[in-house]
Every structure is written in structure tokens, then in C-alpha cells.
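Listed below, chain by chain, are the residues.
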Amino acid sequence: MMSTDLPKAYDPSTVEPAADKVWLDENLFHAEPGDPGPPYSIVIPPPNVTAALHLGHALNNALQDILARWHRMLGDNTCWFPGTDHAGIATQTVVEKRVLAEGGKRRTDFSRDEFVKKIQAWKDEYEKRITDQLKRMGCSCDWERQAFTMDEPRAKAVREAFFRLFNDGLIYRGKRLVNWDPATQTALADDEVEMEEIDGHFYYLKYPIVEEGDEATKRRSDEGVKYVTVATTRPETMLGDTAVAINPKDPRAGALRGKKVRLPIVNRIIPIIEDDYVVLPDPNSQDPKAQFATGFLKVTPAHDPNDYEIGRRHNLPVINVFSPTATISKDHGWAAEDFAQGGDDLRNLLGMDRFEARRAVVEWFRSEKLLEEIKPYKHSVGHSYRSHVPIEPYLSDQWYVATTKQIESMPETGTVSVTNIPNNSLAGMALRATRSTGILPVSSTKEHGQDARATKDWEGKLKIVPERYTKTYEAWHENIRDWCISRQLWWGHRIPVWSIEGLIVWDVTADWHENHATFEAGGRTYLCLRQFDPEEEKSLIEEGWEQDPDVLDTWFSSGLWPLSTMGWPEETRNLQKWNPTNALCTDRSIITLWVSRMVMFNLYFKNRLPFYDTFIHATILDGEGRKMSKSLGNGVDPIDIIESHGADAMRFTLAAMSTHTQDFRMPVEKDAKTRKNTSPKFDNGRNFCNKIWNATRFALMNLGSDGATERRSDERVDESKWSLADRWIVSRFNRAVADATQALQGYRYDAYAKTCYDFFWGDLCDWYLEAIKPAMKDPKRAGQTANVLAAVLDGSLRLMHPMIPFITEYIYWSLNEVQPQRGLPGKLELPASKRLINARFPAAGPVSDSAEQIFPRLQEVINTLRNLRNQYKVEPKKTISVSIMASDEFAGPLVENKEMIELLANCTLQRIGPGVQPPADSARAIAASVEIYVEDLVDKAAEEQRNTKRCEELSKQIAAMRGRLANESYSKKAPPHLVQQTRDQLAEAEAEAAKLGCS
């Protein structure tokens with residue numbers, strides 16, 4: 001392909017498939033552990049198979065691909081591991097909705113296996129779609145290593161992890177208060193609950209006081225107490241109250257000590273207890289809870305986590321009044337004899353939804369004159385991160401991972417600084433990853449296939465960028481609770497535990513315990529199987545054993561991702577080479593959900609970090625600052641952008657907007673032709689790609705010209721024959737390489753994009769390509785200039801390739817044909833490569849301070865001449881006559897670069913030097929410490945008027961700056977650099993006024 005084969009117009013729909021086909025056909029994304037170079041690896045945050053990817057995924061994966069391509073070009077043995085996540089709750093929910101919409105059937109109308117097959121079909125459909133999207137984005141994943149969190153290798157890893165944790169006593173089963181999602185009917189971990197501000201109410205309910213042993217309400221005339229009034233935002237839960245609490249410091253506590261109240265509707269007699277947790281009422285307090293408090297707290301241990309702890313302290317009964325769907329029910333923990341105390345009013349509440357029951361309970365209290373008042377109250381309520389409905393604290397049997405328990409196989413080494421968490425617990429190790437505790441290395445007493453887990457080799461080595469998110473990570477672990485890992489779903493990894501009624505005495509071989517673990521609880525025997533064994537499991541079923549119906553939390557398998565994608569629990573070559581990975585790129589919303597799990601698991605199972613750097617990227621919002629969503633109609637499909645603007649344009653735009661700030665806004669509008677959502681922001685990327693295409697096409701035509709070709713036979717670089725423009729562009733390129741490298745090392749994608757843009761469009765296109773036009777037509781100079789141009793163009797393509805890979809790869813092939821050997825030894829090293837994707841990334845070479853001092857002054861002169869032409873409305877084709885008064889020091893460069901100045905400013909330079917006087921009727925300007933005169937432009941009267949106006953402006957500016965500097969408050973208190981800046985500006989204004997002859 002020769003340069004003339006590049007079409008006149010850039011068409012990404014032609015360029016991008018052509019480049020992608022070459023990459024895939026030649027398997028250029030694949031890596032092997034034995035390949036040369038230091039290891040560099042990334043694991044993709046596996047997209048959920050719930051739906052197609054959105055613009056947030058495009059951002060996340062574009063940033064990862066920049067890292068992967070950059071390190072591949074650095075010569076690292078780079079592997080980017082792709083895959084998808086089964087997303088238990090989310091995927092099952094969307095399939096349930098589809099099945100209901102299409103056939104009117106619910107999940108329970110199918111057998112478990114039948115319904116799982118329907119979810120599997122959904123997964124297959126969307127996994128393919130997601131993979132195709134990633135490929136169209138240009139993601140250079142090693143597609144041979146694509147994984148899925150429920151495929152066989154990952155299932156093996158999950159069961160191994162469960163078994164080891166179970167065997168170490170870190171997994172247990174218990175009845176606890178959990179976050180319950182009534183919509184999906186499953187438990188949630190704490191970090192799967194999103195707090196939302198809602199407009200609610202405080203309801204003030206009166207509970208009658210009863211005397212000891214008396215069934216009737218009595219008045220205590222000596223103290224005037226007949227009722228206690230509790231304040232609650234959830235009156236429907238009062239059905240499960242088992243006490244009323246008062247703070248022992250409350251003045252009323254003594255008189256009520258030992259008293260009881262009758263619980264309305266239920267007629268349950270419950271005690272008044274004393275507990276420090278109760279907020280003392282204070283209408284003048286800054287604490288809203290104290291403002292709204294009555295001093296009496298209804299205690300409902302089954303439906304509030306704080307009440308649950310109070311109940312534990314006071315040994316209170318725990319009465320669950322809800323079903324899993326959050327309707328009032330007597331069948332899920334309500335003792336029959338207790339329920340029987342209530343009459344028809346209580347039975348009428350059965351089956352009501354929790355919000356319907358709230359209205360009914362409030363109305364009952366109103367009708368019985370036991371409703372004191374209702375006050376509006378804005379407060380935070382936990383919502384499910386998947387169904388988005390308010391969660392219910394719910395008492396149920398679940399499986400947990402003990403996150404703060406000292407691991408028995410590891411020696412105790414104290415507690416993590418500022419916490420009470422053992423260093424050698426899962427949470428303690430996760431905290432040590434970001435902070436050093438100075439623990440000395442010790443040996444583990446139990447073999448887990450890793451070195452001593454008390455070592456400090458990885459302590460403080462986990463870096464989170466931007467650094468402010470380290471606090472989010474650490475605060476979570478400092479306040480962590482045990483992790484509820486069981487989910488009441490059908491889609492997911494089935495918990496590998498079987499149970500049977502009674503206590504079993506095992507008659508087994510000595511090695512049986514290597515693959516089996518047991519415990520007894522509640523009169524049942526529980527058996528954990530290390531790996532799937534169909535014959536053994538069939539035998540268990542025949543013997544009456546039952547497998548736990550729940551599945552594991554999605555984040556359990558995702559937490560193993562850096563291990564399972566590389567073949568763990570086997571000690572594979574992949575694992576040895578690429579774990580720990582180097583970087584993780586993700587969203588702030590899953591720092592606790594996912595990042596935390598991976599750190600805990602990798603440290604526990606392998607005694608090393610899962611990754612060294614975690615980059616938390618910004619969130620894309622629409623132009624009004626809202627998150628993009630289907631419901632708002634403001635979402636942008638990345639494929640739509642690829643089809644309208646191209647993948648490179650999309651990637652460049654996203655990288656350029658990816659700062660270290662929290663979010664960035666992207667205005668959304670409808671495309672006039674397609675009626676699909678787009679954003680004018682992507683025009684910036686498309687314009688840049690068009691500029692690259694057109695500028696390169698021009699450069700290739702010049703490189704392919706006869707004059708340039710004939711004089712390239714001598715490949716020796718003779719810098720003495722370089723023009724100032726040549727030296728300047730090579731120096732500017734080397735600075736750009738240094739700046740881009742620093743930006744990439746610091747995950748400053750915006751700075752990287754800006755560096756590439758400013759160099760290619762500003763330095764190379766706007767100046768260098770224009771400046772060398774005469775040299776490229778001159779047989780004596782064309783060869784050396786062509787060498788410089790080819791090298792800088794090659795280097796530019798390499799520099800930009802990680803960000804905009806398609807267009808740079810495609811153009812690189814043409815450059816290879818036009819000029820196969822490129823590079824400037826000692827200045828710009830560019831080893832030859834057939835494909836750009838594995839060409840060596842440029843290293844920053846030497847810079848020329850002199851060229852970078854002189855050339856910008858010439859640019860200033862040229863720009864000033866262009867401005868004068870515009871100011872005096874000179875016709876574009878008219879050549880102007882120019883004289884310049886300059887010092888001897890700068891006169892030389894002006895003369896040496898006369899040809900370039902005349903070309904770029906369309907002028908003729910008449911006289912240059914220190915003694916040059918302004919010709920009559922000339923326009924004057926000052927730039928780059930020289931005086932510029934353009935002949936025959938000035939109308940004297942108009943010029944005098946213009947000078948008079950300028951003198952007036954300068955007089956006001958000079959007076960203002962002199963006054964500012966004379967003010968001691970400014971000169972002594974303002975920052976020194978601002979004071980100096982004012983002095984410099986004053987000197988410049990006074991110098992200009994003197995030259996204009998201002999009085």
C-alpha cells in the first residue's frame with residue numbers, strides 16, 4: 001500500500017475492521033508465560049451478563065486498553081484477562097421479568113433446573129453481545145483466556161475457596177439479622193445496600209403502662225404517668241416489639257424501673273428496660289434524632305439491627321412478623337400462643353404489604369386515640385442495589401464469612417493501628433495492604449500453599465488512585481461486619497454443603513478429611529465437599545442428605561477473579577507469572593463490594609496482593625449532572641457512537657475527559673439522522689482523527705515524492721543539516737514523550753490525551769508541516785527533512801496508539817511501505833516493526849533548549865503578523881512588506897528562518913536588525929522583544945486615533961497597578977508571585993507606553 005492509496009476522506013467503518021482483522025488473525029493479543037519481558041497483567045472487571053454494555057463500560061475498558069497496549073509496546077509480557085460475571089441477583093431478576101412478560105409465568109412455575117436453563121440462554125446471548133462490543137471498542141484482551149464466573153474452572157476455584165475457609169473456621173452458619181430484599185427475596189451484604197434520602201414521618205404511638213401482674217391499665221396519680229410515647233418511622237414493626245427502652249440517665253427512668261406496658265393491637269405485655277443506646281430528647285439539639293425523640297424507644301429485635309443488639313444485651317425475645325415478601329405473617333417466627341393474644345384487629349393485618357400495614361396500624365392508633373402526632377422527617381433508608389426497593393432487616397439463617405476473626409493458622413501479631421481488628425484476620429490483612437504495621441515476618445503453622453501470611457512484604461504496597469479513595473477503602477474495613485455470603489436464588493454457585501437430621505458418626509479413611517469437612521448444629525450434621533463429585537453427591541441424596549438450597553453471593557466468585565482466571569487452585573504458569581496483577585481499573589461504587597473481596601482472598605490464599613494499583617475512574621453524567629439510565633432516556637450506547645463517530649473518536653474523547661475528579665458531564669442530544677442518543681463531545685474525537693488522517697496523508701505524499709526518495713539512500717542522520725524547525729520538532733516530540741509517559745504512569749489519561757493532541761495538532765500540523773514545505777521541494781534539503789518527518793510521524797503514531805489504536809495502526813502500514821526504515825539514532829530510536837501494536841513505545845530522547853527558546857519567538861512574530869493582517873483586513877493572497885527591529889542576538893535567527901517566516905505570514909522581510917526604523921505609514925506591533933513594522937497599512941489619522949485610545953487604556957492600567965503596589969496591604973500580604981506578576985505587567989505597560997509616546 002502506497003501513500004496515495006489512503007482515501008481522501010477518513011472512514012472509520014473501513015479502517016477499524018481492517019485493523020481489527022489483522023490483530024485477531026495474527027493473534028497479537030495473546031501472551032504466554034514464557035514470552036520475553038517483565039510480566040504485566042490486568043483482569044477485566046467482568047461485566048454483568050444482565051444487559052449490553054453502556055458508556056461507563058466503554059470508559060472503563062478504554063482506560064484498561066490504554067494500559068495494556070502501552071505496556072505491550074514497552075516490551076512487557078502483557079496479558080489482559082477478559083470475562084463476564086453471572087451477577088446472580090441482577091440476572092435472575094431480569095430473566096424473571098422477561099418470562100413473566102412473555103408467558104405470564106413466574107420462576108416458581110418451573111423446576112429449578114428448567115429455570116436455570118432459561119437464565120443460561122440469556123447469559124449466552126448477552127455474553128456474546130458484550131464480547132462483540134468489547135472487540136469493536138478495540139479492547140486487546142487475550143480472547144483465548146475468556147472466562148465466566150460460573151464456568152467449570154471458576155466453579156472449581158469457588159468450591160476450593162469455600163472448603164478452605166470452612167475448614168479454617170472462617171465460614172459459619174447462623175441466625176442473624178440480615179439486609180433482606182423483599183423484591184428478589186434474598187439476603188444482601190452491607191455493601192449491597194444503598195442509602196437514599198426519603199421524605200418520611202415520625203409517628204408518635206402511645207403504649208399504656210400496666211402495673212406488675214395487672215392486666216388493666218392504671219393511672220399512677222402520684223406521678224401522672226399513664227402512657228409512654230414511642231417515636232418511630234416504621235409503625236408496622238411495632239407488632240414485633242418485645243420491650244420499650246429508656247436511657248438510665250433520663251429523669252423518668254427511676255419511676256418506671258420494673259414497669260411494663262401493654263403492646264397495643266397485640267396485647268403483649270412487655271418490659272420497660274434501661275439502655276444507654278436510647279437518645280435523650282432535646283428539642284434544641286443539633287442532632288435530628290434528639291429533636292424528634294421522646295426518650296422512649298420501641299425495641300423490635302427482629303426488624304432493626306440496633307434493636308437486635310439491645311435485645312441481645314437484655315435477653316429479649318425475637319419475634320419476626322414478616323414473610324420473605326415483607327407482608328405481615330404469623331408463620332415465620334411468631335409463636336402461636338403469643339399471636340393468639342391479639343384479636344381480630346391483629347388478624348386483619350395478616351397478608352398486608354408492609355406499607356399497607358403501616359397505614360392500617362397508624363389508622364388503628366388514631367381510632368383508639370393512641371396516636372399522639374405525626375411529624376414529617378427526611379431520613380436515609382437502605383435500598384437494594386439491584387431491585388432498588390427499601391430493604392428490611394430480617395432474621396434468618398444464613399452463611400457468613402468471619403472477616404474479623406483471628407485466623408488460627410496464622411500467629412497473632414496484634415491489632416491494626418487505630419482499630420480493634422486482628423492483623424491476621426481477613427479485614428486486618430486488607431487494612432495492612434494500604435498501611436504498614438511493621439510486623440516481622442513469621443512462619444505459618446498451617447500449610448495453605450503459600451508463604452508465611454504474616455509477612456510484611458505486601459504491607460502498604462496497595463496504591464489506590466486517586467488517593468482520597470484509600471480512606472473509603474480503609475473506613476469500610478475498620479467498621480466491617482461479617483460478610484453474609486448466602487443468597488436465596490437459583491442462579492449462582494450452589495453452596496457445597498449437605499445436611500441431614502441427627503448426628504452422624506463417620507467411619508472413613510485417613511485421607512477422607514482432605515476433601516470433607518463437617519460440623520454439627522441444631523441437631524443436624526453438615527458436610528462440606530471440597531470438589532464436585534457426582535457419584536458421591538448421588539449417594540448422599542439416596543441416604544437422605546439435602547444440599548443447601550442457597551447460592552453464594554456473586555462477589556464471592558468475583559473476589560477470586562485474579563486467581564480463578566489464572567487457573568487457581570492449581571499452581572499454573574499463568575498464576576506464577578501474572579498474579580499479582582499490576583493494575584485494576586474500576587468504579588468507586590465497588591471499592592467495598594469487589595476490591596475489598598479480592599484483596600482479602602488473594603492475601604488469604606496466596607499471601608500476595610491481587611494487584612498493586614487500583615485506579616478509580618470518574619463517573620459519566622449527562623449535561624444536567626444526572627447518571628445515565630434507560631428510565632431517564634439519557635443513556636448513550638457505545639456502539640451508536642462507534643457507528644456515528646468511530647471507536648477511536650470515542651476512546652479519545654473518554655480519555656480526554658477522564659480526570660482525577662469525581663465525575664464528568666457529557667451533554668446528551670439526539671442525532672438528527674439516526675434519532676439515537678449522542679453527544680457533541682465526541683465531535684472533538686472525530687475532528688482529531690480527521691486531522692491525523694489528513695495530516696498523515698499529506699506527509700506520506702511528501703515522503704513518497706521523488707525528491708525525498710532520491711536523497712534517502714544515505715541513512716546517516718546529519719543533524720548539522722537540520723533546520724531550526726527540524727531541531728525544534730524533534731525536541732518537542734521528546735518532551736511530549738516524557739510528558740505522556742509521566743501521565744500514563746500516574747493514570748492521568750486526560751493529561752496523556754492533551755499531550756498527544758497538543759503535539760500532533762499544534763506542533764506537528766500547525767507549524768512543522770507548514771514550515772518544511774520549502775525544504776521538501778528542495779533536492780538539497782528534502783532527504784534530511786524527510787528523515788525527520790518520517791521519524792516524528794512514526795513516533796507520533798506510536799505515542800497515540802494506546803489511545804486511538806485503529807487509525808494509528810492502519811496509517812502505520814502505509815508509513816512502512818513509503819519509508820521502511822525510520823528513526824534518528826541518538827535522538828529518536830524507533831526499532832522497525834511490521835505492526836504498530838507491538839512496535840516499541842518511544843522513549844524520551846534529548847531536547848534542544850536553544851531550539852525551544854528560539855522557535856517560539858519566531859512563532860510569536862508570525863502570529864503577530866497574522867494578527868496584523870486580520871486587524872487591517874489584508875486580503876489573504878496579498879504579500880505584505882515587513883521590517884523588524886531586533887537585537888543582534890535575535891536578528892540572526894530571524895534572518896536564518898526568513899524563508900519560513902515569509903511563507904507562514906505571507907510577507908516579504910525587507911530589513912532586520914537593531915537599527916531598523918519604522919517606515920512611513922507602517923503598522924507597528926511588539927512581539928518576542930522585537931518591533932515589527934508592516935509598510936503601507938496605516939491611515940495616519942486612524943493610527944493616531946488608535947494610538948490615543950491605546951494610550952488611554954495603558955494610562956488606566958498603569959495607574960491601577962501603581963496604586964496596587966503602593967498599597968502596603970497588597971504588597972506585604974499578597975502571595976509573592978502575584979506581587980511580582982503585577983510588577984512585571986507594570987514594566988511591560990510602561991515600556992509600551994514609552995514606545996507609543998504616550999504622555
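Keep in mind that this is a model prediction, so the values were computed, not measured.

Digging into the state of the cysteines
Should the sulfur atoms of two cysteines be covalently bonded, the bond is a disulfide. For the coordinates displayed, the defined rule picks out one disulfide. The disulfide that involves C951 links it to C998, with 1.9 Å between the sulfurs. Its S-S torsion of about -75° marks the bond between C951 and C998 as left-handed, since a negative value means left-handed. Of this pair, C951 sits in helix α31 (residues 940-966) while C998 sits in the segment after α33 (976-996), and the two are 47 residues apart along the sequence.

What about helix α18 (residues 591-606)?
The end-to-end C-alpha separation of α18 is 21 Å, in line with the 22 Å expected for 16 residues at 1.5 Å each. Counting buried positions along α18 gives 16 out of 16 residues, so the element sits mostly inside the fold. N607 sits one or two positions beyond α18 and adopts a positive phi of about 55°.

Quick notes on the packing of helix α26 (residues 782-800) against helix α27 (residues 805-818)
Relative to each other, α26 and α27 sit at 155°, their axes nearing to 10 Å. When the axis of α26 is compared with that of α27, the two are roughly antiparallel. Regarding α26 and α27, the two cross each other, and that crossing is left-handed. The residues of α27 that touch α26, namely those facing A790, L793, D794, L797, R798 and M800, are T808, I811, Y812 and L815. Partitioning the contact of α26 with α27 into residue classes produces seven nonpolar, one polar and two charged.

So, the pairing of strand β20 (residues 524-529)
Regular strands show a simple pattern: their side chains alternate between the two faces of the sheet. Burial analysis of β20 places six of its six residues in the buried class, which makes it a mostly covered element. Residues of β20 alternate between two faces, with R524, Y526 and C528 on one and T525, L527 and L529 on the opposite face, all of them buried. In the sheet, strand β18 (residues 497-501) pairs with β20 via five bridges, with the strands oriented antiparallel. Residue pairing for β20: W498 is matched across the bridge by L527. Bridging between strand β19 (residues 516-521) and β20 involves six bridges; their strand directions are antiparallel. Bridge assignment links A517 to a residue of β20, and that residue is C528. Connecting the antiparallel pair β19 and β20 is a turn made up of two residues, with G522 showing a positive phi of about 60°.

Considerations on helix α2 (residues 55-73)
When the terminal C-alpha atoms of α2 are compared, their 27 Å separation across 19 residues agrees well with the 27 Å that a helix rising 1.5 Å per residue should span. Burial analysis of α2 places 17 of its 19 residues in the buried class, which makes it a mostly covered element. Once α2 ends, the next one or two residues include G75, with phi positive near 95°.

A word on unusual backbone geometry
Cis geometry is adopted by the peptide bond preceding P466, which originates at V465 and carries an omega value of -5°. On the secondary structure map, P466 appears in the loop between β15 (463-465) and α13 (469-478). A cis amide bond links W568 with the next residue in sequence, P569, at an omega value of 20°. By secondary structure assignment, the location of P569 is in the loop between α16 (561-564) and α17 (573-578). We note that A928 has phi near 55°; this positive angle belongs to a residue other than glycine. Inspection of the secondary structure puts A928 in the loop between β31 (923-927) and β32 (930-934).

As for the pattern of salt bridges
This model, assessed by the stated rule, comprises 68 salt bridges. Between R651 and D65 there is a salt bridge, and its shortest N-O distance comes to 2.7 Å. On the criterion of sequence distance, the pair formed by R651 in helix α20 (residues 647-657) and D65 in helix α2 is long-range, its members being 586 residues apart. The exposure classification of R651 matches that of D65, with both residues buried. Across the pair R524 and E501 runs a salt bridge, and its minimum N-O distance is 2.8 Å. Note that R524 is positioned in strand β20 and E501 in strand β18, a separation of 23 residues in sequence. Taking the relative accessible area as the measure of exposure, E501 reaches 54% and is therefore exposed. Each of R732, R735, D763, D849 and E852 takes part in a single network of salt bridges with overlapping partners.

Parameters at a glance
Residues numbered from 1 in each chain as written. Predicted model: local features only at pLDDT ≥ 70, side-chain atom pairs only at ≥ 80, totals over all residues. Heavy atoms only, no water. Disulfide = S-S within 2.5 Å. Helix = DSSP H or I, 4+ residues; strand = E, 2+ residues; numbered from the N terminus. Expected span 1.5 Å × (residues − 1). Buried < 20%, exposed > 50% of the residue type's maximum accessible area, 1.4 Å probe, protein only. Axes fitted to C-alpha atoms, helices over the stretch in contact; angles between N-to-C directions. Parallel < 35°, antiparallel > 145°, perpendicular 65-115°, else oblique. Left-handed = near helix turned anticlockwise from the far one by under 90°. Contact = heavy atoms within 4.5 Å. Nonpolar A, V, L, I, M, F, W, Y, C, P; charged D, E, K, R; others polar. Pairing = 2+ DSSP bridges. Salt bridge = Lys/Arg side-chain N within 4 Å of Asp/Glu carboxyl O.

Just distances and angles here, no functional claims.
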